[in-house]
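Residue-level listing of the chains:
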Amino acid sequence: METVLEIKDLVVRFDTDDGVVRAINGISFSIGKERTLGLVGETGAGKTTTALSILNLVPDPPGVISSGTIILDGKDILKMSEKDLEHMRGNDVAMIFQDPMTALNPVITVGEQIAESVILHENLSKEAAMERAKEMLELVGISGSRAYDYPHQLSGGMKQRVVIAIALACHPSLLIADEPTTALDVTIQAQVLALIKELIDNNHMSMLMITHDLGVVAEVCDDVAVMYAGRIVEIGTADEVFNHTLHPYTEGLFDSLPNLRQRGEELIPIKGLMPDPMHLPEGCSFSPRCPYATEACHHALPELKLVNGTHYVACGRYADQAFRIRRNPDGK
Amino acid sequence: MGLFNKQKKDGTEMIGRSMGQETWRRLKKNKGAMMGIAFLVLLLIGTALATIFYDYDKDIIGMTRDRFLAPSWQHLFGTDNMGRDIFARVIYGAKYSLFISFGSTLLGLIVGLALGAVAGYYGGLVDNIIMRLTDIFYSIPYIMIAVVVVSILGTSMSSLLFAMALGTFCNFARIGRASVMTVRDQEFVEAGRAIGLPTWKIILRHILPNCLSAIIVQTTLKVGSNIISASSLSFLGVGITPPTPEWGAMLSDGRSYIRSSGWMCLFPGLAIMLTVLALNLLGDGLRDAMDPKLKR
């Protein structure tokens, strides 16, 4: 399979006055051409930092990408010059931000904001770029004549459509969507997701979808990576992770979702909180909250191991051949 | 807001109302600000006409025998110790005061804003170096700076301009830094970086326009205070020297005759006061008009 993005052993830390925050602790994954990878995890798991690393935009200081490689279309982003980086951003990789209310500049018309990226990367004249901006607006379902509107004249859903238009204006090969629907209400969420999916398919793009909403993942993603405390604990195709869940944390995420078919069922929350990234536990980071944890889990850091097909899991309990989690008693 | 009246005549193109139009609409409702603008426009027209109709050598600095005449219909503001018409000199002199105050403010604005924006955007060591440098300038009274600069460069319009810009830029550096810091961490700045904009474009196109209201207001107020500074310097003999009809220099001339011919000081003083008042009214009006929280 042809890969668009390949991340290997990425480590990112933040050196703050209070101590070292270990945000990402050696993650590896790749995204195939025209595939969508969902990156799932709770707040503070390092999802957004991963996204910013791909654009090499981790705020420095205090952020430090201390090791690892990020290969995009055969080139290592972490070794690029600032000039190459500026060329890459927006042109090869584009990003959709979480909150459309703040991702648009309030004093510039939305048309100009879309045109800006086109002018920068494709050397078009201002007029031609504005024409493109209007086409992009039509593409995301907004009348082209709204190009002269300021962001405050648009509704939240329309603003997110504009943000999508900006991201897609230069036909990037990889789109990073950082919780694109979190700030929108549920009906608009569905529309925006459908729109993103349609545009991705039509333009043969790959996507990294960052979310904490498993429903969103089921809707749009081919592959799923589950992140916890800066590490990937389970990764595989959507079918593998959803229907053949292996990691206790993934199980916990599913258990805390309401089930439409069994409405009376009690939700089982994951007890406790995510560990403080300044003081990560010595062994498996999830062991303090894990119902299956043994003494060994608290000391040994499990590695991501291939189980079958493309399905990897990082859980020490599988050293015991007979170990199964509740959700997946067959273990396959 | 703009929803109801942004249909163009042909009814096809819809164009939203820009921030400038919106500000002007609200500014028009402010009586003080409009009076300020009216006074300034009148002053500009007056000084332009005076430049055309008065002969500098004869009417402005030429001596006559009509010395110390009190205000009358012949000489509206009276005449001075050289027999020159004070009305002509005040109107003619407006251009010096206005030019120096606007010029030095503009110079200080450009330099100060550039420094402040860089300091605010990068933070850390760069911020410390730039801001401590401006703190030094801030702590020296502008008159001291001006005296030093003028004594090095000699008394001329350009050295006065330069000296006053030195006293002005630290103000703008502080305002620039503070407003850039409030905008710097917003998501649209990050979004700008994510589409590959170079840093200078982000500062110029995305950050500064968002700080514009604070800067415009400060500029108007600073022009006013720079008129006073320019006049003070001329009064002290450091700025523009007689016989040039600069308001401060005229005040200085009239000082010796203040008991017998008070009008020699009164009218240049009034001119300074009213111009500064007009600028302050305009500045206050602009602040209200540009503050989105006060939208009605």
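Please read all numbers here as calculations on a predicted model, not as lab measurements.

### Comments concerning the overall build of chain A
Secondary structure assignment for chain A yields 10 helices and 12 strands. Its C-alpha atoms give chain A a radius of gyration of 21 Å, within 12% of the compact-globule value 20 Å for 332 residues. Expressed as a percentage of its 332 residues, the buried residues of chain A come to 53%. Long-range contacts, defined as pairs at least 24 residues apart, comprise 65% of the intrachain contacts of chain A with a sequence gap of at least 6. As displayed, chain A has an accessible area near 14800 Å², and 52% of this comes from carbon and sulfur atoms.

### Section: the state of the cysteines
This structure, assessed with the given rule, holds zero disulfides over all chains. In this model A:Cys315 remains outside any disulfide bridge; the closest cysteine sulfur is found in A:Cys297, 6.0 Å from its own.

### Some remarks on the interface of chain A and chain B
In this assembly, 31 residues from chain A lie in contact with 26 residues from chain B. Interface area, chain A with chain B, both sides summed: about 2400 Å², of which 56% is carbon and sulfur. When the buried surface of chain A facing chain B is broken down by residue, A:Phe97, A:Glu116 and A:Leu120 rank first, second and third, together holding 22% of it. Counting every contact that joins chain A to chain B gives nine residue pairs in polar contact (both at pLDDT 80 or more). For the side of chain A that touches chain B, the secondary structure elements donating two or more residues are β6 (93-96), α3 (100-103) and α4 (110-122) of chain A. No other element matches α4(A), which puts five residues into the side of chain A that touches chain B.

### Points about unusual backbone geometry
Residues and elements named next belong to chain A. Notably, Asp9 is not glycine yet its phi reads approximately 50 degrees, a positive angle. Here Asp9 is to be found in strand β1 (residues 3-16). With relative accessibility at 47%, the residue Asp9 sits in the partly exposed group. Phi is positive for His204, which is not a glycine, with a value near 55 degrees. Relative to the assigned elements, His204 resides in the loop between α7 (186-202) and β8 (206-211).

### A closer look at the sheet that holds strand β11 (residues 305-308) of chain A
Residues and elements named next belong to chain A. Taken together, the eight strands give an open sheet; going across it, the order is β6-β7-β8-β3-β9-β10-β12-β11, and neighbouring strands pair in mixed fashion. With partners counted over all chains shown, the strands left at the sheet margins are β6 and β11, one partner each. Sheet twist, expressed as the average angle between the axes of neighbouring strands with direction ignored, equals 20 degrees. Of the strand pairs in this sheet, β11 and strand β12 (residues 311-313) are connected by three bridges, and their pairing is antiparallel. Of the residues in β12, the one forming a bridge with Leu306 is Tyr312. Against the sheet, helix α6 (residues 156-168) makes contact with β6 and β7 (174-178), and its axis sits at roughly 175 degrees relative to β6, the strand it touches most.

### Some points on the nonpolar core
Ranked by internal contacts, the top residues of the largest apolar core, which has 123 residues, are A:Phe29 and A:Leu175. Broken down by element, this core gets its largest block of residues, seven residues, from α6(A). In this structure, A:Leu175 is in contact with A:Ala94, A:Ile96, A:Ala167, A:Leu168, A:Ile196, A:Ile200, A:Met205, A:Ser206, A:Met207 and A:Leu208, ignoring residues within four places of it in sequence. Among the nonpolar cores identified, the runner-up in size contains 26 residues, and B:Ala33, B:Ile86, B:Leu98 and B:Leu282 belong to it.

### Focus on the packing of α6(A) against α7(A)
Residue and element names in this part refer to chain A. At a minimum axis separation of 10 Å, α6 and α7 run at an interaxial angle of 15 degrees. Relative to α7, the element α6 is oriented roughly parallel. In the packing of α6 onto α7, the handedness of the crossing is right-handed. Seen from α6, the contacting residues are Gly157, Gln160, Arg161, Ile164 and Leu168; seen from α7, they are Ile188, Gln191, Val192, Leu195, Ile196 and Leu199.

### Some words on the packing of helix α4 (residues 86-122) of chain B against helix α5 (residues 124-139) of chain B
Two measures define how a pair of helices packs: the angle their axes make with one another and the distance between the axes. Residues and elements named next belong to chain B. The N-to-C vectors of α4 and α5 enclose an angle of 150 degrees; their axes lie 7 Å apart at closest approach. Between α4 and α5, the angle falls in the class roughly antiparallel. The two elements α4 and α5 meet at a crossing, and its hand is left-handed. Residues Leu115, Val118, Ala119 and Tyr122 of α4 lie in contact with α5, whose contacting residues are Gly124, Val126, Asp127, Ile130 and Met131. Across the contact of α4 with α5, the residue classes tally to seven nonpolar, one polar and one charged.

### Quick notes on the pattern of salt bridges
Side chains that differ in sign of charge can pair as their charged atoms come close. With the rule as written, the count across this model stands at 17 salt bridges over all chains. A salt bridge links A:Arg35 to A:Asp223; its shortest N-O distance comes to 2.8 Å. Taken together, the residues A:Arg35 in the loop between β2 (19-32) and β3 (36-40) and A:Asp223 in strand β9 (residues 223-228) connect sequence positions 188 residues apart. Salt-bridge contacts for B:Arg174 lead to B:Asp135; the nearest nitrogen and oxygen are separated by 2.7 Å. Here B:Arg174 is found in helix α7 (residues 157-184), whereas its partner B:Asp135 is found in helix α5, with 39 residues between them in sequence.

### Structural notes on the packing of aromatic side chains
Within the structure shown, the criterion is met by 11 aromatic pairs over all chains. The interplanar angle of 55 degrees and the centroid separation of 4.6 Å between the aromatic rings of A:Tyr228 and A:Tyr249 together place this pair among those described as tilted. Of the two residues, A:Tyr228 sits in strand β9 while A:Tyr249 sits in helix α10 (residues 248-255), which places them 21 residues apart along the sequence. As far as burial versus exposure is concerned, A:Tyr228 and A:Tyr249 are alike and both buried. Pairing B:Phe77 with B:Phe87 gives two aromatic rings, centres 5.1 Å apart and planes at 80 degrees, and the pair type is edge-to-face. Of this pair, B:Phe77 sits in the loop between α3 (56-60) and α4 while B:Phe87 sits in helix α4, and the two are 10 residues apart along the sequence. Each residue in the set A:Tyr228, A:Tyr249 and A:Phe286 is aromatic and connected to the rest through ring pairs, giving one cluster. Directly above the aromatic system of A:Phe254 lies the positively charged group of A:Arg327, at a separation of 3.9 Å from the ring centroid. Positioned above the aromatic ring of B:Tyr138 is the side chain of B:Arg174, whose terminal nitrogen or guanidinium carbon lies 4.0 Å from the ring centre.

Thresholds, definitions, all that
Residues numbered from 1 in each chain as written. Chains lettered and ligands numbered in written order. Predicted model: local features only at pLDDT ≥ 70, side-chain atom pairs only at ≥ 80, totals over all residues. Heavy atoms only, no water. Helix = DSSP H or I, 4+ residues; strand = E, 2+ residues; numbered from the N terminus. Rg over C-alpha atoms; globule rule 2.2 N^0.38 Å. Buried < 20%, exposed > 50% of the residue type's maximum accessible area, 1.4 Å probe, protein only. Contact = heavy atoms within 4.5 Å. Areas by Shrake-Rupley, 256 points an atom, 1.4 Å probe, with all protein chains shown as cover. Disulfide = S-S within 2.5 Å. Buried area = accessible area lost by both parts, 1.4 Å probe. Polar contact = N/O pair within 3.5 Å; in protein donor to acceptor, adjacent residues only side chain to side chain. Pairing = 2+ DSSP bridges. Axes fitted to C-alpha atoms, helices over the stretch in contact; angles between N-to-C directions. Core = buried A, V, L, I, M, F, W, Y, C linked by side-chain atoms within 4.5 Å. Parallel < 35°, antiparallel > 145°, perpendicular 65-115°, else oblique. Left-handed = near helix turned anticlockwise from the far one by under 90°. Nonpolar A, V, L, I, M, F, W, Y, C, P; charged D, E, K, R; others polar. Salt bridge = Lys/Arg side-chain N within 4 Å of Asp/Glu carboxyl O. Phe/Tyr/Trp six-rings, centres within 6.5 Å; stacked < 30°, edge-to-face > 60°. Lys NZ or Arg CZ within 6 Å of the ring centre and 35° of its normal.

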